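Given next are the chains, with one letter for each unit.
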Amino acid sequence: MRRFFKKLFEKIIEGILFLSSTVTSLAIVLIVIFLFREGFALFGRSPVEEGFVIAVNNKNPVSEIKASQIKDIFDGKITSWKELGGNIEDIVLFRTDDISNYFSEEELGENLEHVPAKISELINKTPGIIAFIPEKFTENDFAGKIITTDKITAGKFLAEKQWYPTAQPAAQFGALPLILGTLWVSFAAILFALPLGLATAIYMAEIANEKTRRVMKPLIELLAGIPSVVYGFFGLIVIVPLIQKVFNLPVGETGLAGSIVLGIMALPTIITISEDAIRTTPLSMKEASLALGANKWQTIHRVIIPYAISGITAAAILGIGRAVGETMAALMVTGNAAVIPHGLLQPLRTIPATIAAELGEAPQQGLHFKALFALGCILFLMTLGINLLVEYISSKRKNISR
Amino acid sequence: MSNDQYLMTNNLSDIINKPVRTDLVIATRYVNLFYGDFQALKGITLEIFPNTVTALIGPSGCGKSTYLRLFNRMNDLIDGVKITGNIIVDGEDIYAPETDVVELRRKVGMVFQKPNPFPKSIFENVAYGLRVNGVNDKKFIQAKVEQSLVRSALWDEVKDKLKKSAFELSGGQQQRLCIARALAVEPSVVLMDEPASALDPISTAKIEELIYELKKNYTIIIVTHNMQQAGRVSDTTAFFYLGELIEYGDTKEIFTNPKDKKTQNYITGRFG
């Protein structure tokens, strides 16, 4: 009887363990599926806001306009139909609100019931018009021609340079500036953090005495525990004004500020991992080097660093990963300009900062909302790639040291 | 002989057949060594003759490895070590303040208990000592690497794979590589800290054969736990017990007719 209960108890424990691991794995898989389902829903859609259309005069030979051209037209950058392959005719912009410029209140009716008919009339008599109007106005006896635009594709999403997710009439979803911004900031952060972190790790592992190490190690681990908003605040108060003053810039919120802050944030990762790697160098190997007449520095750079190199690489890549995914601090100090960065002294914008800043304003299930999820997918793939790289390097390391 | 003199010859056989100095004297006088409060060596006085193999034997913790590490100042790496007395290598007190430790370690090579090649190619392992000592001449390094590998009886086994990682060699080959690495910087003394304890019997036999060969050109001090090995390879034997030198003399004499009771007990396997 007792043995039966013992066995039952074991089975229950086993079941609980199995269940928790299944639930965890399932949750991870579901999150990824959810992310990709939402993100991929962006592709194949028209960038014109749902429920609205763009219409032109019936005689206008142009029947398809690219989304980026629509934006330029409504921004006043394209002023003639000729630029779009049409007649020599000035473009007349028309938004639904503009109707009161053309017709009096009586003509439109008390409850604006005549608006669709009047818009149709206006389009019919103005050859150069381009109108951004609700789709339902075009349902009965519409005199104009509805323009088609190109669909959003994954290729355009990755390659286009304009990120205006709320632009009307056609939103611009070009993630390239954000992707480049993220990569720029992250790599520049590593440029700051790797030499500093590696030097600290070497100092702690090889040179510092036990007492110093016992003080430094918890301090560095503390660095990892500081909330990112505090780093962002520090960057905003200290680093941003400093950069503004030193480089004599109009604003200090730049990629450089972002990289410094993210670099500081990546330091604990880099230091702890590379220090561990350096510490795994067998004492006998160091002794062998010293016994051959090498000094401490020669031993460090000819034996210890080559021995620990894969660990150090992994540390650098994980540091990049930390910087790539960092949201709050990047949002606070990079200036958030969604343009392709040409230097670190310009404002730029990272993917996580974009998601954090815009998700609150994006209407659910709208194009903007889905575009942010698509950005999330890109970020996920970036960090996944980074993790796979680390995994690959660590597996190689095991082969070397056996 | 300095590197410049080697460069003038440029001929491999000249380098390999170079005569080795025989005027070397190693001696310690009243050496005490403390790890903090613990005295690991107690007034050791000993003289070692050139071109001999001296075996240091004794039970674990008797101080024989510590004693061995005096000669290339490897004990310096441990915090809280205090040493008194004189340790003479080549007529100079190596613990005098003006001693160049790098120069000393070039003169006194060391082979460790476990094979510990660097994570580099076979060639670079042997060339390491030359490179850290500032030798850049490619031809010289090449000749030196070959000479050292020939001397450590490894050349025939590795000559076609010098670029391969040292970790691809077997344990015994790795240990001979470590010996070659030590020989490449032209030491006059080679310290060996239980060099065969991590190896199989066949590799051990090869190492012992090698030690016998090396005796012609080098003064060798070897720590060993293996009584048979001490008997086979050494000319003189020193028996240590609890930090003291109990007996030192001709190996045959010590093994057949020990003067001290403790030596006899240890050699006959009553303790240790």
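Residues numbered from 1 in each chain as written. Chains lettered and ligands numbered in written order. Predicted model: local features only at pLDDT ≥ 70, side-chain atom pairs only at ≥ 80, totals over all residues. Heavy atoms only, no water.

### Things to note about the overall build of chain A
Part 1: Helix and strand counts for chain A come out as 15 helices and six strands.
Part 2: Taken over C-alpha atoms, the radius of gyration comes to 30 Å for chain A, far larger than the 21 Å a tight globule of 402 residues would show.
Part 3: Projecting the C-alpha coordinates of chain A onto the three principal axes gives extents of approximately 95 × 75 × 35 Å.
Part 4: Counting all 402 residues of chain A, 46% fall into the buried class.
Part 5: A separation threshold of at least 6 residues defines the contact pool for chain A, and within that pool the share at least 24 residues apart is 69%.
Part 6: Carbon and sulfur atoms make up 63% of the accessible area of chain A, which amounts to about 21,000 Å² in all.
Part 7: For chain A, the distance from the average position of its 36 positive side-chain charges to the average position of its 35 negative side-chain charges is 18 Å. (Helix = DSSP H or I, 4+ residues; strand = E, 2+ residues; numbered from the N terminus. Rg over C-alpha atoms; globule rule 2.2 N^0.38 Å. Buried < 20%, exposed > 50% of the residue type's maximum accessible area, 1.4 Å probe, protein only. Contact = heavy atoms within 4.5 Å. Areas by Shrake-Rupley, 256 points an atom, 1.4 Å probe, with all protein chains shown as cover. Lys, Arg positive; Asp, Glu negative; His and termini not counted. Charge placed at Lys NZ, Arg CZ, Asp CG, Glu CD.)

### Digging into the domain arrangement of chain A
Reports of interface size often rely on the accessible area that becomes lost once the parts have come together.
Part 1: In terms of domains, chain A is made up of domain 1 (52-151) and domain 2 (176-401).
Part 2: Look at where the C-alpha atoms of domain 1 of chain A and domain 2 of chain A centre, and you get two points 51 Å apart. (Domains from an automatic or database assignment.)

### Here's the deal with the packing of helix 6 (residues 138-151) of chain B against helix 8 (residues 171-183) of chain B
Residues and elements named next belong to chain B.
Part 1: One way to put it is that helix 6 packs onto helix 8 with a least axis distance of 8 Å and a crossing angle of 130°. Relative to helix 8, the element helix 6 lies oblique. In the packing of helix 6 onto helix 8, the handedness of the crossing is right-handed. Residues S148, L149 and R151 of helix 6 form the contact with helix 8, whose own contacting residues are L177, A180 and L183.
Part 2: Residues that form the contact of helix 6 with helix 8 fall into these classes: four nonpolar, one polar and one charged. (Axes fitted to C-alpha atoms, helices over the stretch in contact; angles between N-to-C directions. Parallel < 35°, antiparallel > 145°, perpendicular 65-115°, else oblique. Left-handed = near helix turned anticlockwise from the far one by under 90°. Nonpolar A, V, L, I, M, F, W, Y, C, P; charged D, E, K, R; others polar.)

### Quick notes on the sheet that holds strand 4 (residues 81-89) of chain B
Part 1: Ordered by their spatial adjacency, four strands build an open sheet running 2-1-4-5 (chain B), and the pairing between neighbours is antiparallel. With one partner strand each, in any of the chains shown, strand 2 (38-48) and strand 5 (92-93) of chain B form the two edges of the open sheet. (Pairing = 2+ DSSP bridges.)

### Observations regarding helix 11 (residues 283-291) of chain A
Part 1: When you tally the buried positions in helix 11 of chain A, you get seven out of nine residues, the bulk of the element.
Part 2: Buried residues in helix 11 of chain A make contact with helix 7 (176-207) and helix 12 (296-325) of chain A together with helix 4 (101-107), strand 6 (108-111), helix 5 (122-132) and helix 8 of chain B.
Part 3: Just downstream of helix 11 of chain A lies G293 of chain A, where phi reads positive at about 90°.

### What to know about the side chain of T204 of chain B
All names here are of chain B.
Part 1: Of note, T204 is situated in helix 9 (residues 201-214).
Part 2: On the accessibility criterion, T204 (11% relative accessible area) is buried.
Part 3: When sequence neighbours within four positions are dropped, the list of residues in contact with T204 reads A196, L199 and Q229.

### Notes on the environment of G376 of chain A
Residue and element names in this part refer to chain A.
Part 1: Position of G376 relative to the elements: it lies in helix 15 (residues 367-401).
Part 2: Judged by its relative accessible area of 12%, G376 is buried.
Part 3: Separated by 156 residues in the primary sequence, G376 and I220 place their C-alpha atoms 30 Å from one another.
Part 4: What G376 contacts, discounting residues up to four positions off in sequence, is L35 and I355.

### Details of the packing of aromatic side chains
Part 1: Tallying each qualifying case throughout the model produces 16 aromatic pairs over all chains.
Part 2: Relative to F43 of chain A, the ring of F40 of chain A has its centre 5.6 Å away and its plane inclined at 85°; by these criteria the two rings are edge-to-face.
Part 3: Ring geometry for Y67 of chain B versus F71 of chain B: centroids 5.3 Å apart, planes at 85°, classification edge-to-face. Each member of the pair, Y67 of chain B as well as F71 of chain B, carries the same accessibility label: buried.
Part 4: In textbook terms, an aromatic cluster arises when at least three aromatic residues are bridged by ring pairs, as seen for F36, F40, F43, F157, W163, F173 and F380 of chain A.
Part 5: When the ring centre of Y95 of chain B is taken as reference, the NZ or CZ atom of R73 of chain B above it lies at 4.7 Å.
Part 6: K82 of chain B extends its terminal NZ or CZ atom over the ring of F34 of chain B, reaching a point 5.1 Å from the ring centre. (Phe/Tyr/Trp six-rings, centres within 6.5 Å; stacked < 30°, edge-to-face > 60°. Lys NZ or Arg CZ within 6 Å of the ring centre and 35° of its normal.)

### Some words on the sheet that holds strand 10 (residues 244-250) of chain B
Residue and element names in this part refer to chain B.
Part 1: Strand order across the open sheet formed by six strands is 6-7-8-3-9-10, with mixed pairing between neighbours. Taken across any chain shown, the strands that pair with only one partner, and hence form the sheet edges, are strand 6 and strand 10. Each strand axis lies, on average, 15° off the axis of its neighbour in the sheet, ignoring direction.
Part 2: Relative to strand 9 (residues 236-241), strand 3 (residues 53-57) runs parallel, the two sharing four bridges. When the bridges of strand 9 are listed, T54 appears paired with T236.
Part 3: Across the sheet, helix 9 touches strand 3, strand 7 (189-193) and strand 8 (219-223), and the angle it forms with strand 8 is around 150°.

### What about the packing of helix 5 of chain B against helix 8 of chain B?
Residues and elements named next belong to chain B.
Part 1: For the pair helix 5 and helix 8, the least separation of the axes is 7 Å and the interaxial angle reads 35°. Crossing of helix 5 against helix 8: the hand is right-handed. Contacts between helix 5 and helix 8 involve I122, N125 and V126 from the first element and L177, A180 and R181 from the second.
Part 2: Grouping the amino acids of the contact of helix 5 with helix 8 by side-chain chemistry returns four nonpolar, one polar and one charged.

### A word on the pairing of strand 3 of chain B
All names here are of chain B.
Part 1: With respect to burial, strand 3 is a largely interior element, five of its five residues being buried.
Part 2: Burial along strand 3 is two-sided: the face carrying V53, A55 and I57 and the face carrying T54 and L56 are both buried.
Part 3: Examined bridge by bridge, strand 3 and strand 8 share four bridges and lie parallel to one another. When the sheet's bridge partners are listed, V53 is paired in strand 8 with I220.

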